[in-house]
Amino acid sequence: MTTELRLPAIEIKQGKRRLYTFSVDGKLIGQFATVSRVKREEGDLTGYQRPEQLAHIDEIRTFIESESPMLPNAVVIAFDKSVRFEADSAGPKNAYARTGEIVVPLDPSRADHERPGFIVDGQQRVAAIREASVKSFPICVSSFIAGSVREQTEQFILVNSTKPLPKGLIYELLPSTDALLPLQLERRKLPSTLVTMLNNRDGSPLYRSIKTATNPDGHVKDNSLLRLIEHSLSDGVLYVFRVRDGGLPDVEAMYRVLSDFFRAVIHTWPEAWKLPPKKSRLTHGAGIAGLGFLMDSIAHRHGLRKIPSKGQFAADLAAMKPDCHWTEGYWDFGSRKPRWDELQNTPKDIEAVVQYLAARFKRRVARVS
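Residues numbered from 1 in each chain as written. Predicted model: local features only at pLDDT ≥ 70, side-chain atom pairs only at ≥ 80, totals over all residues. Heavy atoms only, no water.

## Topic: the overall build of the chain
Moving on, step 1. Secondary structure summary: the chain contains eleven helices and twelve strands in total.
Moving on, step 2. Summed over its atoms, the accessible surface of the chain is roughly 18,800 Å², and 53% of this surface lies on carbon and sulfur atoms. (Helix = DSSP H or I, 4+ residues; strand = E, 2+ residues; numbered from the N terminus. Areas by Shrake-Rupley, 256 points an atom, 1.4 Å probe, with all protein chains shown as cover.)

Have a look at this one:
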């Protein structure tokens, strides 16, 4: 049976949009709003929240149970179109605000994901209030009515992009939004799209190998691949495809180049590729950076307008095998000879690996050309 929760609210105009601010007992929020945790269903991204952080929730819960708690920041909730605002015709109003009631349908028979509200910001606070040993705890809510999950996702990105959230979560969400983003995020949208394709397309050599918010068991960090792709987009083989017909990037061509290259990598070092970074520097940040250099160098060698095939990538990588010490041995950097597992994901070690591979590649290519 559906009932209605009616709460005094203020409607605020922001351009063409409307915000609704109201107060509610935090323990009631679970009746009409839920958390859409980020996940994939048949390869498609759904949801947009991070998993609950139990330690942080426990800290907030303890504070709420203290003598004089206060949570001044508003929880942000995105409502679907079943929620409405009824203005008070007799109430005070001005050019940008008016009073009234926010009307939220309540139906206990509806499944969690069917509730009319989704928590965009404040997940941990709501969970802490839910668990706290207090009878009630009123909080402020700032809400808006969204037309789709895509719109809710866009607001989640914009609200949280400046907060200390896991960057991997933000980057994984980028391909699913068309919102106007801060420049730093906009620059990562194309690399994030390619990482998503590599990680989730059937037949991809990196299928489910990349560690992301929705694939925590992957053994190659998403940020390492993002850096590889960003560098290639600015100075390497992927740059060729940045502007095609209509002024848009040829994403499918970029995906094919990356797929062919990583198939060649796996063919060349099959055992090292299977291992996590602690056991193989091939899947480590420094190793991925080195692979990015090799991909672009091989493409330059064959001519960027004639992108190398998997076989050509594999032939040049095979020539480099004696010089690469991913799982054993020592790297010869001249003044320094670190053991394979002493390489760290630091600018100093990454630069050392890239310079070493550059010198060796030049020497090996001269021999096989």
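## Quick word on the pairing of strand 8 (residues 97–106)
Moving on, step 1. With seven of its ten residues buried, strand 8 lies for the most part within the structure.
Moving on, step 2. Sheet analysis places strand 7 (residues 84–87) next to strand 8, joined by four bridges and oriented antiparallel. When the sheet's bridge partners are listed, Arg84 is paired in strand 8 with Val103. (Buried < 20%, exposed > 50% of the residue type's maximum accessible area, 1.4 Å probe, protein only. Pairing = 2+ DSSP bridges.)

## Regarding the nonpolar core
Moving on, step 1. Residues Leu258, Phe262, Val265, Trp269, Trp273, Leu291 and Trp331 are the most contacted members of the largest nonpolar core, which totals 54 residues.
Moving on, step 2. At the level of secondary structure, the elements contributing two or more residues to this core comprise helix 5 (183–200), helix 6 (222–235), helix 7 (251–268), helix 8 (270–274), helix 9 (285–302), helix 10 (310–320) and helix 11 (347–368).
Moving on, step 3. Residues within four places of Trp273 in sequence aside, it is in contact with Leu206, His219, Val220, Phe262, Val265, Ile266, Leu282, Thr283, Ile288 and Leu291.
Moving on, step 4. Counting residues in each nonpolar core, the second largest holds 31 residues, with Leu7, Tyr20, Phe22 and Leu71 among its members. (Core = buried A, V, L, I, M, F, W, Y, C linked by side-chain atoms within 4.5 Å. Contact = heavy atoms within 4.5 Å.)

## Let's talk about the sheet that holds strand 8
Moving on, step 1. In space, the eight strands of this open sheet follow the order 3-9-6-10-2-1-8-7, with mixed pairing throughout. The strands lining the two open edges of the sheet, one partner per strand, are strand 3 (33–34) and strand 7.
Moving on, step 2. By the bridge criterion, six bridges tie strand 1 (residues 3–14) to strand 2 (residues 17–25) in an arrangement that is antiparallel. Considered in strand 2, the bridge of Ile10 is made with Thr21.
Moving on, step 3. Along the sheet face, helix 2 (residues 123–131) touches strand 6 (75–79), strand 9 (117–121) and strand 10 (138–145) and points at about 115° away from the line of strand 9. (Axes fitted to C-alpha atoms, helices over the stretch in contact; angles between N-to-C directions.)

## Observations regarding the pattern of salt bridges
Moving on, step 1. One pass over the full model with this rule turns up 19 salt bridges.
Moving on, step 2. Of the charged contacts in the structure, one is a salt bridge between Asp58 and Arg61, with a shortest N-O distance of 2.4 Å. Of this pair, Asp58 and Arg61 both sit in helix 1 (residues 54–64), three residues apart, roughly one helical turn.
Moving on, step 3. Classification of Asp58 as partly exposed rests on a relative accessible area of 37%.
Moving on, step 4. Judged by relative accessible area, which is 21%, Arg61 ranks as partly exposed. (Salt bridge = Lys/Arg side-chain N within 4 Å of Asp/Glu carboxyl O.)

## What to know about the environment of Leu19
Moving on, step 1. Considering the arrangement of structural elements, one finds Leu19 in strand 2.
Moving on, step 2. Placed 123 residues apart in sequence, Leu19 and Ser142 show a C-alpha to C-alpha distance of 6.8 Å.
Moving on, step 3. Ignoring anything within four residues of it in the chain, the contact list for Leu19 reads Ile10, Glu11, Ile12, Gln14, Ser143 and Phe144.

## Observations concerning the packing of helix 7 against helix 9
Moving on, step 1. Interaxial distance between helix 7 and helix 9 falls to 11 Å at its minimum, and their mutual angle equals 115°. The interaxial crossing formed by helix 7 with helix 9 has right-handed handedness. Residues Leu258, Phe261, Phe262 and Val265 of helix 7 pack against Leu291, Leu294 and Met295 of helix 9.
Moving on, step 2. Residue composition of the contact of helix 7 with helix 9, by class: seven nonpolar, no polar and no charged. (Left-handed = near helix turned anticlockwise from the far one by under 90°. Nonpolar A, V, L, I, M, F, W, Y, C, P; charged D, E, K, R; others polar.)

## What about the packing of aromatic side chains?
Moving on, step 1. Going through the model one piece at a time under the given rule, you end up with eleven aromatic pairs.
Moving on, step 2. Judged by centre distance (5.8 Å) and plane angle (90°), the ring pair of Trp269 and Trp326 falls under edge-to-face. With Trp269 in the loop between helix 7 and helix 8 and Trp326 in the loop between helix 10 and helix 11, the pair connects residues that are 57 residues apart, well separated along the chain.
Moving on, step 3. Taking the relative accessible area as the measure of exposure, Trp269 reaches 8% and is therefore buried.
Moving on, step 4. Plain terms: the ring middles of Trp331 and Phe333 are 6.1 Å apart, the flat faces sit at 35° to each other, and that makes the pair tilted.
Moving on, step 5. By relative accessible area, which is 0% here, Trp331 ends up buried.
Moving on, step 6. Overall, the relative accessible area of 17% leaves Phe333 in the buried class.
Moving on, step 7. A network of ring pairs unites the aromatic residues Trp269, Trp326, Trp331, Phe333 and Tyr356 as a single cluster. (Phe/Tyr/Trp six-rings, centres within 6.5 Å; stacked < 30°, edge-to-face > 60°.)

## Here we look at the packing of helix 7 against helix 10
Moving on, step 1. The contact between helix 7 and helix 10 brings their axes to 8 Å, and the two run at 40°. Classified by the angle their axes make, helix 7 and helix 10 are oblique. Helix 10 is crossed by helix 7, and the crossing has right-handed handedness. Contacts between helix 7 and helix 10 involve Val257, Asp260, Phe261, Arg263, Ala264, Val265, His267 and Thr268 from the first element and Lys310, Phe313, Ala314, Leu317 and Ala318 from the second. (Parallel < 35°, antiparallel > 145°, perpendicular 65-115°, else oblique.)

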